[in-house]
Number of protein chains: 4
Amino acid sequence: MFFASDNGGPVHPQIMQAVTEANEGYRTGYGVEAEMDRVRDMIRDVFEAPEAAVYLVATGTAANSLALATLCQPWETVFCSPVAHIHEDECNAPEFFSGGAKLTLVGDSDKMTPDALRRAIENEHTRGVHGPQRGPVSITQVTEKGHVYTLEELRALTAVARDYGLKTHLDGARFTNALVKLGCTPAEMTWKAGIDAVSFGGTKNGCMGVEAVIFFDPAKAWEFELRRKRGAHLFSKHRYLSAQMLGYLADDLWLDLARQANDTSAKLADGLRQVDGVEFTTTPEANLFFAKLPRRLHQKAFDAGAYYYIMEGELGGDDPEEMLLARFVCDWSIGEAGVEALLNAYRA
Amino acid sequence: MFFASDNGGPVHPQIMQAVTEANEGYRTGYGVEAEMDRVRDMIRDVFEAPEAAVYLVATGTAANSLALATLCQPWETVFCSPVAHIHEDECNAPEFFSGGAKLTLVGDSDKMTPDALRRAIENEHTRGVHGPQRGPVSITQVTEKGHVYTLEELRALTAVARDYGLKTHLDGARFTNALVKLGCTPAEMTWKAGIDAVSFGGTKNGCMGVEAVIFFDPAKAWEFELRRKRGAHLFSKHRYLSAQMLGYLADDLWLDLARQANDTSAKLADGLRQVDGVEFTTTPEANLFFAKLPRRLHQKAFDAGAYYYIMEGELGGDDPEEMLLARFVCDWSIGEAGVEALLNAYRA
Amino acid sequence: MFFASDNGGPVHPQIMQAVTEANEGYRTGYGVEAEMDRVRDMIRDVFEAPEAAVYLVATGTAANSLALATLCQPWETVFCSPVAHIHEDECNAPEFFSGGAKLTLVGDSDKMTPDALRRAIENEHTRGVHGPQRGPVSITQVTEKGHVYTLEELRALTAVARDYGLKTHLDGARFTNALVKLGCTPAEMTWKAGIDAVSFGGTKNGCMGVEAVIFFDPAKAWEFELRRKRGAHLFSKHRYLSAQMLGYLADDLWLDLARQANDTSAKLADGLRQVDGVEFTTTPEANLFFAKLPRRLHQKAFDAGAYYYIMEGELGGDDPEEMLLARFVCDWSIGEAGVEALLNAYRA
Amino acid sequence: MFFASDNGGPVHPQIMQAVTEANEGYRTGYGVEAEMDRVRDMIRDVFEAPEAAVYLVATGTAANSLALATLCQPWETVFCSPVAHIHEDECNAPEFFSGGAKLTLVGDSDKMTPDALRRAIENEHTRGVHGPQRGPVSITQVTEKGHVYTLEELRALTAVARDYGLKTHLDGARFTNALVKLGCTPAEMTWKAGIDAVSFGGTKNGCMGVEAVIFFDPAKAWEFELRRKRGAHLFSKHRYLSAQMLGYLADDLWLDLARQANDTSAKLADGLRQVDGVEFTTTPEANLFFAKLPRRLHQKAFDAGAYYYIMEGELGGDDPEEMLLARFVCDWSIGEAGVEALLNAYRA
């Protein structure tokens, strides 16, 4: 009954198997091993991007920070949602890796709108050398609130960026959860929609710790390699990153895992709707959603061993009917049994 | 016949097993999982340092850079050998993580001497606010040339640092290779010798990618945690770092692996001494040494599939008798068979 | 008819005289000259702060950035108004000097309220190591919109900061304009109101280019000196900074100049109120205010040689009745003649 | 009798006059005032470089750090002499402004030789992504030891840099002292000799605090402007920097002042050679030289009020015959009277 995050569960056996299988013989490492050549080919294939620069790092924050730093000058500002992971959950890593760039918060919800983005960009225009300069736009797909941008929405945002000559980055920590929700191709959700660089997440979708950074224009590939090394994110035994990604991409496992997570999430949402006293504040779209439940229900679940985060309200209160906002995240492994266990706890 | 580095070989099965075994159930991650509690206890035990702050990261450069940044202000200079990994092989990562500190090169060999260190420190004393300020001393054990500081030498260096109120860092990427060479305890080689912080390497000694950072005085523990997160080096699925370290420390595996590597290295050196035309430029002390061989011998080895680095001279030359300097590094896995294969190639 | 900024006018003759008089003989410079000893004494006197650390730099951005960097860790966030100079007009200098700290925008107007500040601080509390850590609060007095915090308002803000153990910085680029408006002492507007560090502006109030940075607790004085030198803001011929400040503080010139600027501003506002078609959007409190005028009036002024900024609306438009928002700033030198000239242009 | 530095004396009256004359009327400032247009024209003229980008800052460290940061990526290393001001006397400012670049020390004296430079560059070539990347070469003219590179020597150094595609920076804090020594044109000593960017010093040669940064290729002009603003080195009342430079360049004052300083220095050296017990360790070439004198002579000078630095040996010693190394620097203002006073003190 672990619904706190999609990074709390086990690695999928197929990925662990790939890691184990890679544990034979010797490699120069540092990303020049044969496994990485295969990873690069597979990702270029999957993204229909034969020229793309493809790199692996071990954390989502590294992927985001290094990608943004490569797209951004220190005197620029990155446009992003006020609840973006890069703003709220990376302890100033984007500021660190970029050498002191700023983040400009666009609008007041998890999904940026083209109008809000345009206003934010326009607002950075009258100060010449005095103000921060306009930098890249970073879009989180799936958002931190569990929403999925449609292809139309993505294209509208990148069109605004393009109007101002700005680059775009997609924080795809939950890339595949969005992809299977939209039922589109990776190319459609990225470069065909105007995206320049992607953090293509593996960790939250069954891997041990691996994220790909993809630049569709390889012009800054060498700069990225230097930034990765300087950031201490170049692995000597890189084959174990490569192997994870190989296991992840093989036989469409990545798509299956995201579908499982999304389906589990939908089932949990359906079940919760039947529970007396539950209020939904967002519509579940991928593998992450929010709902309000009275304290007495949470207490039953926690007593039964469930684990998830309360985002508003505190558990220490007295009123059993007070509604507390919870975040539920499902990974590939939770499954029907996990959902049933949690629902049973509420129903008890 | 891979002698290019001790990070090119496979992960030891016991460590891989520990990783696989950790792949059960759910964890909050981020280093607060139960596995990390056990790691912390084991390392405190091993180092006889019950108060030590203990953290895990995945690369040696991360361990060094984060440890040094925690000990160093941006306007200070780190004292180290001119061939230190932090100077030559980290693409300015220490400068990056410290926010722009300098590195002052001490003496002209891999081992710093107390006199050279004192002179280098003294040389940074007359400029008041104008010059860099004196910062920590970083000592590499085993050095990049394969030498091992004796306990007396370590104590003499830290005594100089202490005379000036400077902190000391031990870059222990090959910590255990030095430890078994010296036949002392981890405490003797660190805090009892005056060391304040250690990069305790696992990757080069049979792990997949894990290094511990240990501060004997935990005063800056929270600062380190923030630096690690900001540097994108805090793993969500941290259990797989913890598990590696647990497998590594269990049943003295770490000591056994280092002994194997050192013994293999000694055997290779012994064998090479019997090969006609070989000149030793350094005495092998741990698992890394240098030797000069005529081009014709290298060619035989390379033709037979051997892999190691030529440090001086280039392979494209003509003169079969030209002496080329080679670096030989043995990891735990090479073993007698690997050594024999290489020696046979030379003898052929 | 220059109302674009209070940094566009001449240096007051008394200050220029002080600079000229300092141009005799030899000094060691770098702030250890006798003139700086007198500056330090005078500022400690003026602020009733005999222990304060006092430094001079040449630009307001240097004063703010160096002061904040000294109060702030790179993983922290500075709380400030969304229109603060440090956010909008310093091209990421605070981010640069702090090594990548963030700025958190408090509320949606130029004056922060205690409630908005508390909410902003509280909002940074639940993420542990993941989010930015709470850093200092920076208050701009006079605000960028020309408003002056009352002593009660200042005390209320610093009380909130103190509740969370946060330091406070006062951006006093127009310190003296606020001081004479409030009719209080420098001590009352700073340390007695809970302020820890001040950028005490001289440049906008008749100097050539000098700002004092004052820390009431001198604990970080040496760190500031190193930051200043490292930031290339330590002047070799420092006597000319000291001399400016001596001339500025002598015979209450600083107070007189601010009073002149404020009075001129009040007169301009009074006159504008009589001009048909003018709308005031803010109440003038110091030497800076905003008003809306129809395009046809602006055109008359610009044709007559007036210079000031249009903040909303563009001059290229057609509609003579369109209201354009203008910012008027008066320095010490404009005087009644300048005001009359501008008013006459409108009246023409 | 101030021979400690050429930044300890007064501003030349013609320059002070220019500052005073600029103190009329209003300017937008920030370097867009008419005075700066004239400065730009004059410097382009003087350097025969009609396309050059020209900027002013107030300190030599700012000029050097901002120029180098513009030429250098954070993962690169700057090649310079081990006694370069950027290495020894700027408290890590180049590291700070560049975002963490390294400085590689070339050879072991104040003047870099082409061979030593080539060796240092070659030494940074075998590590691929692991080591620092090769960055710009910074040449100090006059060196910190008072030597002047000949045009041939400059051309030989820049030729080495060009062989590797590296940019070159000239730290010309004492640019004009070298220029008049060589008797060449500014173009010959810079772009015609292969220099890409120059710190053209004014402060040490009679100005109050102004240095020009000149890029012969203006491609990075806008980047420099952003770096200058972000570094808090863009002056609002910029006219007073411009005015200094105008006064400095008018009627060849800059050349006259440097000649005076050099001549004074030569006279001092000549006089010292007549003093019994003095040993010269370097040949005076510009306005700065070193000599060894017995303690008893220094004591006489100090007792008479002379001020200069002892670089080796300490004043507190006992032996009146111990030779102490002194540095003598002459500025434009010392003149024959100052020299005579000092020599008389020794002779007394």
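The rules we used
- Residues numbered from 1 in each chain as written.
- Chains lettered and ligands numbered in written order.
- Predicted model: local features only at pLDDT ≥ 70, side-chain atom pairs only at ≥ 80, totals over all residues.
- Heavy atoms only, no water.
- UniProt positions renumbered as here; feature names shortened; annotations may be inferred.
- Buried < 20%, exposed > 50% of the residue type's maximum accessible area, 1.4 Å probe, protein only.
- Helix = DSSP H or I, 4+ residues; strand = E, 2+ residues; numbered from the N terminus.
- Least-squares fit on C-alpha atoms with pLDDT ≥ 70 in both.
- Contact = heavy atoms within 4.5 Å.
- Pairing = 2+ DSSP bridges.
- Axes fitted to C-alpha atoms, helices over the stretch in contact; angles between N-to-C directions.
- 1 Å grid on protein atoms, 1.4 Å probe; cavity = no way out; pocket = protein on both sides within 12 Å on 5 of 7 lines; lining within 4 Å.
- Points joined across faces, edges and corners; volume = space filled by probe spheres on them.
- Nonpolar A, V, L, I, M, F, W, Y, C, P; charged D, E, K, R; others polar.
- Buried area = accessible area lost by both parts, 1.4 Å probe.
- Salt bridge = Lys/Arg side-chain N within 4 Å of Asp/Glu carboxyl O.
- Polar contact = N/O pair within 3.5 Å; in protein donor to acceptor, adjacent residues only side chain to side chain.
- Phe/Tyr/Trp six-rings, centres within 6.5 Å; stacked < 30°, edge-to-face > 60°.

By the naming in an unreviewed UniProt entry, chain A goes by Low specificity L-threonine aldolase and is assigned to Thalassovita mediterranea. The annotation that UniProt attaches to chain A under Sequence similarities (unreviewed entry) is "Belongs to the threonine aldolase family." Turning to chain A, the UniProt record has this under Subunit (unreviewed entry): "Homotetramer."

**Q** Outline helix α8 (residues 175-182) of chain A, listing residues and values.
**A** For α8(A), the tally of buried residues reaches six of eight residues, placing the bulk of the element in the interior. Every buried residue belonging to α8(A) is among Phe175(A), Thr176(A), Asn177(A), Ala178(A), Leu179(A) and Val180(A), and all of these are buried.

**Q** Residue-level account of the relation of the copies chain B and chain C, with values.
**A** Between chain B and chain C, the superposition needs a rotation of 180° and an axial shift of 0.1 Å, giving an RMSD of 0.0 Å. Such a combination of rotation and displacement between the chain copies is what one expects of a two-fold axis. In terms of proximity to the rotation axis, the leading residue of chain B is Gly99(B), whose C-alpha is 3.1 Å off the axis. Both copies present the same face, since 100% of the interface residues in chain B are matched by interface residues at the equivalent positions in chain C.

**Q** Help me get a handle on the sheet that holds strand β4 (residues 133-140) of chain D, residues and values and all.
**A** Strand pairs in the sheet, formed through backbone hydrogen bonds, run parallel or antiparallel to each other. Residues and elements named next belong to chain D. Strands sit in the order β1-β7-β6-β5-β4-β2-β3 across an open sheet of seven strands; the sheet is mixed. The open sheet has two edge strands, β1 (53-57) and β3 (102-105), and neither has a second partner. Averaged over all neighbouring strand pairs, the angle between strand axes comes to 25°, with direction disregarded. With four bridges joining them, strand β2 (residues 76-80) and β3 adopt parallel strand pairing. By the bridge assignment, cysteine 80 is partnered in β3 with leucine 105. Most of the contacts of helix α10 (residues 221-230) go to β1, to which it runs at about 10°, and overall it touches β1 and β7 (211-215).

**Q** With reference to specific residues and values, describe the relation of the copies chain B and chain A.
**A** After a rotation of 180° and a shift along the axis of 0.0 Å, chain B superposes on chain A with an RMSD of 0.0 Å. Take the interface residues of chain B: 100% of them recur as interface residues in chain A, which is what a same-surface contact looks like.

**Q** Account for empty space enclosed by the protein, with residues named and values stated.
**A** Evaluated as defined, the whole model comprises seven cavities of 30 Å³ or more. Of the volumes computed, that of the largest cavity is approximately 280 Å³. Along its surface, the largest cavity is lined by 25 residues, and Tyr30(A), Ser236(A), Gly60(B), Thr61(B) and Lys204(B) are the ones closest to its centre. When its residues are assigned to classes, the lining of the largest cavity shows seven nonpolar, ten polar and eight charged.

**Q** For the interface of chain B and chain A, give the residues involved together with the corresponding values.
**A** Listed by partner, the interface residues are 48 residues for chain B and 48 residues for chain A. For the pair chain B and chain A, the summed buried surface comes to about 4,100 Å²; carbon and sulfur atoms form 60% of the total. Of all residues in chain B, Tyr26(B), Phe96(B) and Lys237(B) give up the largest surface area on contact with chain A, accounting jointly for 20% of the area buried on that side. Our enumeration of links across chain B and chain A arrives at zero salt bridges. Summed over the shared surface of chain B and chain A, the result is 27 residue pairs in polar contact (both at pLDDT 80 or more). When contributions to the side of chain B that touches chain A are tallied by element, the ones reaching two or more residues are α1 (13-21), α3 (60-71), α5 (93-98), α10 (221-230) and α11 (239-249) of chain B. Tallied by class, the residues present in the side of chain B that touches chain A amount to 23 nonpolar, 16 polar and nine charged.

**Q** Quick rundown of the packing of aromatic side chains? Include the residues and the values.
**A** One pass over the full model with this rule turns up 70 aromatic pairs over all chains. Relative to Tyr307(A), the ring of Phe2(A) has its centre 5.3 Å away and its plane inclined at 75°; by these criteria the two rings are edge-to-face. Here Phe2(A), found in the segment before α1 (13-21), pairs with Tyr307(A), found in the loop between α13 (295-303) and β10 (309-312); they are 305 residues apart in sequence, far enough to count as distant. What makes Phe2(A) buried here is its relative accessible area of 7%. Assessed through its relative accessible area of 31%, Tyr307(A) is described here as partly exposed. Between the aromatic rings of Phe215(C) and Phe224(C), the centroid separation amounts to 5.4 Å while the plane-to-plane angle is 65°, which identifies the pairing as edge-to-face. Overall, Phe215(C) belongs to the buried group, its relative accessible area being 4%.

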